[in-house]
Amino acid sequence: APLGFTDVNLNSRNTYEVSRRRSAPEHLPHGGTAPAEPAPPPQEPAERARHRVGIAGAGSSFAEFFTRNFFTKRTKELKPAVQSAPGWKLFGKVPPRENLPKDSKIIQQEYEARTGRMYKPPPPSARRKNIEFEPLSTTALILEDRPANLPAKSVEEALRHRQEYDEMVAEAKKREIKEAHKRKKIMRERFKQEENIASAMVIWVNEILPNWEGMRATRRVRELWWQGLPPSVRGKVWSLAVGNELNITPELYEIFLSRAKERWKSFSETSSENDIEDAGASVADREASLELIKLDISRTFPSLYIFQKGGPYHDLLHSVLGAYTCYRPDVGYVQGMSFIAAVLILNLEEADAFIAFANLLNKPCQLAFFRVDHSMMLKYFAAFEVFFEENLPKLFLHFKSYSLTPDIYLIDWIFTLYSKSLPLDLACRVWDVFCRDGEEFLFRTGLGILRLYEDILLQMDFIHIAQFLTKLPEDITSEKLFSCIAAIQMQNSNKKWAQVFASLMKDNKEGDKNHSPAPKS
């Protein structure tokens, strides 16, 4: 029959299959490569079973034949490669391939046989054992043996690597010990500082604050003040030191806050400048608009994320600044005020922060700067240069050679009371002594900063000095800065700051009289 003829020829296919079946019958199923159907039930006739097996074998053989000859590429992509254990040729059987890596001893023996060199491994003591200290995870790789396919290390090379590794470990140990000592020192200083703060807080609460007027000027209190106020009493001491000459009450603050809210509402409703002018708003009022305050608040201590929109102190800072612009429309809002108000809010309640803020900006120095009184500002700069030349003559001449005047760096320091230029904790300590000594300490702090970085500034030109003093290093510490501030002597020819500033004011008045026009006869 045609089916039988096809079945015989396609099942045998070629001599390769015949030889494979003869040489390895144990690996192939009986009846050819194509797997046979399961045996039919006993009641099925043998003829019908053979007929069905032939048809199945023919179908699968046809499919394999065509896919093997015409669609070989596709078959390779679809069928996973199955690697049989033995390898086969046309005639006979080939032993299976083994790609197993050779043992290191065999490779070493082959290498010695080729080169004629003998290798003696280093003694066990020289090999790496349980090392207590490993500087880096990759450092110890220098002690490892080379891969098996490379020549082994010589004794000299292994000893050299051991020596290099020991040196690396020793250096790493030194660095680790040094850093550990540094960390311990910092922790000891911090622990000591916390103890001092705790003991100082008890003294401030139980002894000084109840007797403020009688003890504030004593030597003991001034020394405690210099060391820094405890955070728990800082706001109270600031309020007492600044005072309330303006007699502002919490009720007055609420009145001006309500006015500010009304103005913000009118600003949001009126968009044109003409509407604002019709409402009788002055230049200072327009400068203190909601947009300007919002812009400055968003840039106030951005790293803290507490004064920006959505932060816990955003509305509070906005309220204090808005109320002040209504309270002092002659001053209005000036950029830099937000930093001063923010520091006060961090240490005082809302109404107390407003009272301290208004009284602080009413001091002569702050009023001169925030009202941009050029003549007064020049007096302060001149007085600063007198003590600059007295304390730091080399740096003073260096600045003079570049025509670098104090206004380039002092304005930003004075406007924000160093809260923008220094770290917040250090700025608060500057504020502590500023509340004790007044405006003199602001300029003394500026001289202390110049003294701290004198060696660096002497190597810079105009541009780099201005950039450096505009953005001071962030790693400045209170101990270093205050030691430099303590070394600054605010005395010139037996004249203190107040006397020098008063003489400059007197000379200016006499100069104005001499330059004034003569009265008409």
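Residues numbered from 1 in each chain as written. Predicted model: local features only at pLDDT ≥ 70, side-chain atom pairs only at ≥ 80, totals over all residues. Heavy atoms only, no water.

The name that an unreviewed UniProt entry assigns to the protein is TBC12 protein, with the source organism given as Rhagologus leucostigma.

Draft legend 1. Just the overall build of the protein, in detail. Assigned secondary structure in the protein consists of 26 helices and four strands. Classification of the 521 residues of the protein by burial places 36% in the buried group. Partitioning the contacts of the protein with sequence separation of at least 6, the portion at a separation of at least 24 is 69%. Total accessible area on the protein stands at roughly 32900 Å², and carbon and sulfur atoms take up 55% of it. (Helix = DSSP H or I, 4+ residues; strand = E, 2+ residues; numbered from the N terminus. Buried < 20%, exposed > 50% of the residue type's maximum accessible area, 1.4 Å probe, protein only. Contact = heavy atoms within 4.5 Å. Areas by Shrake-Rupley, 256 points an atom, 1.4 Å probe, with all protein chains shown as cover.)

Draft legend 2. Molecular detail of the UniProt feature "coiled-coil region" (unreviewed entry) in the protein. Per the UniProt entry, the sites bearing "coiled-coil region" (unreviewed entry) are residues 155-190 in this numbering. Annotated as 100% helix and 0% strand, the span residues 155-190 places its first and last C-alpha atoms 52 Å apart. (UniProt positions renumbered as here; feature names shortened; annotations may be inferred.)

Draft legend 3. The arrangement of the layout of surface pockets in detail. For the largest pocket, the calculated volume is near 1300 Å³. Those elements that place two or more of their residues in the lining of the largest pocket are α6 (155-208), α9 (231-242), α21 (424-437) and α25 (478-487). For the lining of the largest pocket, the element with the most residues is α6, which contributes 10 residues. Here the residues of the lining of the largest pocket are counted per class, giving 12 nonpolar, seven polar and 11 charged. When residues are assigned to domains, the lining of the largest pocket turns out to be shared by domain 1 (157-227) and domain 3 (369-510), each giving three or more. (1 Å grid on protein atoms, 1.4 Å probe; cavity = no way out; pocket = protein on both sides within 12 Å on 5 of 7 lines; lining within 4 Å. Points joined across faces, edges and corners; volume = space filled by probe spheres on them. Nonpolar A, V, L, I, M, F, W, Y, C, P; charged D, E, K, R; others polar. Domains from an automatic or database assignment.)

Draft legend 4. Quick look at the packing of helix α20 (residues 407-416) against helix α22 (residues 439-452). At their nearest, the axes of α20 and α22 sit 11 Å apart, and the two run at 130 degrees to each other. Looking at the two axes, α20 sits oblique to α22. Pair α20 / α22 crosses with right-handed handedness. For the pair α20 and α22, contact is made by Tyr409, Leu410, Trp413 and Ile414 and by Leu442, Phe443, Gly446, Ile449 and Leu450, respectively. By residue class, the composition of the contact of α20 with α22 is eight nonpolar, one polar and no charged. (Axes fitted to C-alpha atoms, helices over the stretch in contact; angles between N-to-C directions. Parallel < 35°, antiparallel > 145°, perpendicular 65-115°, else oblique. Left-handed = near helix turned anticlockwise from the far one by under 90°.)

Draft legend 5. Representation of the packing of aromatic side chains in the model. The full count for this structure, using the stated rule, is 31 aromatic pairs. Relative to Phe357, the ring of Tyr324 has its centre 5.1 Å away and its plane inclined at 75 degrees; by these criteria the two rings are edge-to-face. Of this pair, Tyr324 sits in helix α14 (residues 314-327) while Phe357 sits in helix α16 (residues 350-361), and the two are 33 residues apart along the sequence. Grouping residues by exposure puts Tyr324 and Phe357 together as buried. The ring centre of Phe482 lies 4.0 Å from the NZ or CZ of Arg429, which sits over that ring. (Phe/Tyr/Trp six-rings, centres within 6.5 Å; stacked < 30°, edge-to-face > 60°. Lys NZ or Arg CZ within 6 Å of the ring centre and 35° of its normal.)

Draft legend 6. Quick look at a nonpolar patch on the surface. A cluster of nonpolar side chains, Met201, Val202 and Val205, forms an exposed patch at the surface whose accessible area comes to about 220 Å². Topologically, Val202 is positioned in helix α6. A relative accessible area of 43% places Val202 in the partly exposed class. (Patch = residues over 30% accessible without salt bridge, like charges linked within 9 Å, V, L, I, M, F, W, Y side chains within 5 Å. Salt bridge = Lys/Arg side-chain N within 4 Å of Asp/Glu carboxyl O.)

Draft legend 7. Expanded view of the nonpolar core. With 111 residues, the main nonpolar core has Trp204 and Leu450 as its most contacted residues. Top element by residues in this core is α16. It accounts for nine residues. Ignoring anything within four residues of it in the chain, the contact list for Trp204 reads Leu209, Pro210, Trp212, Val221, Leu224, Trp225, Leu229, Pro230, Val233 and Val237. (Core = buried A, V, L, I, M, F, W, Y, C linked by side-chain atoms within 4.5 Å.)

Draft legend 8. Structural context of the pattern of salt bridges. If you walk through the whole model with that rule in mind, you get 11 salt bridges. Among the ionic pairs, Arg299 bridges to Asp296, the shortest N-O distance being 3.7 Å. Taking relative accessible area as the criterion, Arg299 reaches 41% and is therefore assigned partly exposed. Taking the relative accessible area as the measure of exposure, Asp296 reaches 5% and is therefore buried. In this structure, the salt-bridge partner of Arg436 is Asp437, at a minimum N-O distance of 2.7 Å.

Draft legend 9. Geometry of the confidence of the model for the protein. Summarising the model, the protein shows a mean pLDDT of 77, and 66% of its residues fall at 70 or more. Low pLDDT (under 50) marks residues 124-135, which in the prediction has 22 contacts with non-local residues, meaning those over four places away or in another chain. Taken as a whole, residues 516-521 scores under 50 in pLDDT and shows zero contacts with residues more than four places along the chain or in a different chain. (pLDDT = per-residue confidence, 0-100.)

Draft legend 10. Molecular detail of the packing of helix α15 (residues 337-347) against α16. One can describe the packing of α15 onto α16 by two numbers: an axis separation of 9 Å at closest approach and a directional angle of 140 degrees. Taken as axis vectors, α15 and α16 run oblique relative to one another. Classified by chirality, the crossing of α16 by α15 is right-handed. On α16, the residues touching Met337, Ile340, Ala341, Leu344 and Ile345 of α15 are Ala353, Ala356, Phe357, Leu360 and Leu361.

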